[in-house]
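One-letter residues, chain by chain:
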Amino acid sequence: VELCEKIRLIQEQKPHVEIIITPESAIAYCLNQSPRFCSMILESIQKKDLFLGSYRKSNNGLYYNSCYWFSRGQLHAWHDKKHGVPFIERMAKLFN
């Protein structure tokens, strides 16, 4: 909800901004498993393009760190990260 409000404010206060980009994993849950939140984002992004970092659960049960592309009220595409950054993104596995 807070993210949607920030998107609305950017659109109102900064009309010259055409693209909004969030950090990787800006939302700490699977966006494709949350249709209500996805709808809220679609409603809030009416005038800009939004690249939103979130997780995605695939049909075979695998989880991906993904980037979603929303544009003018539609989800256009997403891209799943296939390879983590060496050492940095694998270090946590050492402690599990």
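Structure shown above.
To start, this report covers the structure provided alongside it. This one's a predicted model, so the numbers in the text were calculated from it and none came from an experiment.

### Details of the packing of aromatic side chains
Line of reasoning, step 1. Inspection of every chain in the model, using the stated rule, returns three aromatic pairs.
Line of reasoning, step 2. An angle of 25° between the planes, with centres 6.4 Å apart, marks the rings of Y68 and F70 as stacked. As far as the burial class goes, Y68 and F70 line up, both buried.
Line of reasoning, step 3. Considering the side-chain rings of Y68 and W78, the 6.5 Å spacing of their centres and the 45° angle between planes classify their relative orientation as tilted. One end of the pair, Y68, is in strand β3 (residues 63–71); the other, W78, is in strand β4 (residues 74–80), and ten residues separate them in sequence.
Line of reasoning, step 4. Residue Y68 is classed as buried on the basis of its relative accessible area of 3%.
Line of reasoning, step 5. An aromatic cluster is built from Y68, F70 and W78, whose rings are joined through pairwise contacts.

### Section: unusual backbone geometry
Line of reasoning, step 1. Positive phi, close to 45°, is recorded for R72, a residue that is not glycine.
Line of reasoning, step 2. Mapped onto the fold, R72 is located in the loop between β3 and β4.
Line of reasoning, step 3. Here R72 falls in the partly exposed class, since its relative accessible area comes to 48%.

### A closer look at helix α2 (residues 35–44)
Line of reasoning, step 1. Of the residues making up α2, those classed as buried are F37, C38, M40, I41 and S44. The buried side chains of α2 occupy one side of the element, clustering within an arc of 155° when seen end-on. Exposed residues pointing more than 90 degrees away from the buried face of α2 are listed as P35, R36 and E43.
Line of reasoning, step 2. For α2, the secondary structure elements touched by its buried residues are α1 (2–13), β2 (49–57) and β3.

### Notes on the nonpolar core
Line of reasoning, step 1. The biggest cluster of nonpolar side chains holds 14 residues, and the ones touching the most others in it are L31, F37, I41, L50, L52 and F70.
Line of reasoning, step 2. When residues of this core are traced back to their parent elements, those giving at least two are α1, α2, β2 and β3.
Line of reasoning, step 3. With four residues, α2 is the single largest residue contributor to this core.

### As for the sheet that holds β3
Line of reasoning, step 1. Judged by pairing direction, the sheet is mixed, and its four strands sit side by side in the order β1-β2-β3-β4 without closing on themselves. Each end of this open sheet is capped by a strand with a single partner; those strands are β1 (19–21) and β4. Strand-to-strand twist across the sheet, computed as the mean angle between neighbouring axes with direction ignored, equals 30°.
Line of reasoning, step 2. The pairing of β1 with β2 spans three bridges and is classified as parallel.

### Considering the pattern of salt bridges
Line of reasoning, step 1. On inspection of all chains with the given rule, the structure shows five salt bridges.
Line of reasoning, step 2. Measuring nitrogen to oxygen at the nearest pair gives 2.9 Å for the salt bridge that ties E5 to R8. On the criterion of helical spacing, the pair formed by E5 and R8 is a turn pair, its members being three residues apart in helix α1.
Line of reasoning, step 3. E5 sits in the partly exposed class, given a relative accessible area of 42%.

Thresholds, definitions, all that
All chains use their own residue numbering, which begins from 1 and follows the written sequence. With the structure being a predicted model, the display of local features is reserved for residues of pLDDT at least 70 and the display and counting of side-chain atom pairs for 80 or more, all residues being used for whole-chain, interface and lining totals. As a convention, hydrogens and water are excluded, and side-chain values are obtained from all of the structure's heavy atoms. For Phe, Tyr and Trp, where Trp contributes only its six-membered ring, two rings pair if their centres lie within 6.5 Å, and the inter-plane angle classes them as stacked under 30 degrees, edge-to-face over 60, or tilted in between. Categorising residues by exposure relies on relative accessible area from a 1.4 Å probe, with only protein chains included: less than 20% of the type maximum marks a residue as buried, more than 50% marks it as exposed, and the intermediate range marks it as partly exposed. Counting from the N terminus, the helices are DSSP H or I runs at least four residues long and the strands are E runs at least two residues long. Along the arc lie the directions from the helix axis toward the C-beta atoms. By definition in these notes, contact holds between two residues if any of their heavy atoms fall within 4.5 Å. What is meant by a nonpolar core is a set of buried Ala, Val, Leu, Ile, Met, Phe, Trp, Tyr and Cys residues, joined one to another through side-chain atoms within 4.5 Å. In this scheme, strands are said to pair when DSSP sees at least two bridges between them. Interaxial angles span 0 to 180 degrees and are taken between N-to-C directions of axes, which are lines fitted to C-alpha atoms, for helices over the stretch in contact. What makes a salt bridge here is a side-chain nitrogen of Lys or Arg within 4 Å of a carboxyl oxygen of Asp or Glu, nothing more.

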